[in-house]
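# Descriptive structure summary
Single-letter residue listing:
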Amino acid sequence: MGWIHDQDELQTQVRYRLIRERFVDHMWRGALLLGLVGVPVSLIRVPEIGLQPTMVLHTVMLSVSLLVNLYLNRIGPGTKGLLLVLLFWLSGLGGLLNFGMLAASLWFLAFAAMVAGTVWSLRAGIATSVAALLAILLAGAGFTQGWLQMPVDASDYVLSGGAWLNLAVGFGLVLMVMLIGLGSYQTAVKALLTEIDDQRREIQHLATLDALTGLPTLRLARDRIEMALQGATRSRLEVALLFIDLDRFKAVNDRHGHEAGDAVLCEVARRLTALLRPGDTAARVGGDEFLVLLVPPTGRDEAGEVAQRIEEALAWPLPWQGQPLRIGASVGIAVYPQDGRTAQDLRRHADAAMYDSKRLRTA
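Presented here is a report on the structure given in the accompanying data block.

About the criteria used
- Residues numbered from 1 in each chain as written.
- Predicted model: local features only at pLDDT ≥ 70, side-chain atom pairs only at ≥ 80, totals over all residues.
- Heavy atoms only, no water.
- Salt bridge = Lys/Arg side-chain N within 4 Å of Asp/Glu carboxyl O.
- Helix = DSSP H or I, 4+ residues; strand = E, 2+ residues; numbered from the N terminus.
- Buried < 20%, exposed > 50% of the residue type's maximum accessible area, 1.4 Å probe, protein only.
- Pairing = 2+ DSSP bridges.
- Axes fitted to C-alpha atoms, helices over the stretch in contact; angles between N-to-C directions.
- Contact = heavy atoms within 4.5 Å.

It is worth spelling out the pattern of salt bridges at this point. Oppositely charged side chains may form a pair once their charged atoms are brought near each other. Across all of its chains, the model carries 13 salt bridges by this definition. In this structure, Lys 80 and Asp 25 form a salt bridge, with 2.8 Å as the shortest nitrogen-oxygen distance. Of the two residues, Lys 80 is situated in helix α4 (residues 77–99) and Asp 25 in helix α1 (residues 2–43); the sequence distance between them amounts to 55 residues. The two residues Lys 80 and Asp 25 agree in class, both being buried. In this structure, Glu 267 and Arg 271 form a salt bridge, with 2.8 Å as the shortest nitrogen-oxygen distance. With Glu 267 and Arg 271 both in helix α11 (residues 258–275) and 4 residues apart, the pair spans about one turn of that helix. Neither Glu 267 nor Arg 271 differs from the other in exposure class; each is buried.

Now the structure itself:
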C-alpha cells in the first residue's frame, strides 16, 4: 500500500506540473493577443506624443511573444514561466518609468505577480509583488523629485482619447487573459482533484474489500464488529461472532493448483453470503479463514444453527473443471457479552472455539 501511495503521489506531482505548463502556454497565447491588439493602439498616439520608449519596449515584447509562441513546445516549462514573468514585469516597469501613475501598463506588474504565484509558489508571487511595489515607490520618488518627467502634460494626457483607449484596451485584455488563464487552471485542478478522489476511493475499496472474493477484509470487519458491539451495549442485546477455518484447503491447492484454490474461496464466499441475513457480515480475514458477524437480535442458539448450516453448506462438493472438490469447515462461536466485551476478545474466543471444534472432528 505504501508503494501504491508513493506512485499516486508521483503521478499527482507530474499532472500538477503539466497543469502549470498548460497555464503558462495559455498565458503566452494571451500575451501574443495582448501585443497584437495593444501595440497598434499604443502606436496610434505617436502623432500626438511622439514615439516613446515604452512604445518601443511594447513592440519588442510583441516580437518576443511571437517568437515564444512559434517555439512554444521547444522551450522548457521553467524557461517559459520565467520569460513570461519578465515580459510583463519589464513591460509594466517601462510604462511606469515613462508615464508614472498614468501608465496603462501598470496592470502588467500585478499580472506578473499573479503568474509567478501560480507557476511557482506563493512566495514567488509575493516577491514579485514586493519588487513591483519598490519599483512604484522609486518611480514615485523619481517623478516627485524631478529625476523623471512625463513626455506630455498630465492634464492634457488625461483629456486624450487615445490615452483612455489605450488604458481600456490594456485593462480589458489583461483582465480577460487573467480570467481565461485562471479559468483553465481552475478547471484542470478540479479535474485533477476529481481524479485523486477517484483513486483514493479505489484505494479505500482495495483496503476494505478482498480483491478475490469481494468480501470485507479484516479491517472493515473490525469496524463493523465495533459498531455492532456499541449498538448491543446500548440495547443490551447479544452479538455473535463465528470464526471459520476451511478443512482440506491446502490439499486442494497442492493437488489442483492455486487457480482451483481461488475458485474454492470464491465459492465459499458466495455460499456464506447466501446463508446470512442482510445485516450480517461475512469477511475473509486470512488465506482460508473467514469471520461471520451476526448482529442483534441473535444469541448462542441462533449462532449455533448458523454455524451448522455453514458446515453443511461447505461440506457439499465444489465444482471445478468438471470434477468435485471436497473441503469442509470448522466453526468456532463467541457471543457478546458472555465470551468477551471487545472485538479482539471475541475473535480470540471464537478462534479457540474453532480449534476445539476441529480437534473434535478429527478425534
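This paragraph deals with the sheet that holds strand β2 (residues 281–284). With antiparallel pairing, the 4 strands of this open sheet are ordered in space as β2-β3-β1-β6. Where the open sheet ends on each side, the last strands, each with one partner, are β2 and β6 (328–336). Geometrically, the sheet is characterised by an average inter-axis angle of 20° between neighbouring strands, direction not taken into account. Here strand β1 (residues 239–247) runs beside β6; their pairing, made up of 9 bridges, is antiparallel. What sits directly across from Leu 241, in β6, is Ala 334. Packing of helix α9 (residues 218–235) onto the sheet brings it into contact with β1, β2, β3 (289–294) and β6, and relative to β3 it is tilted by some 25°.

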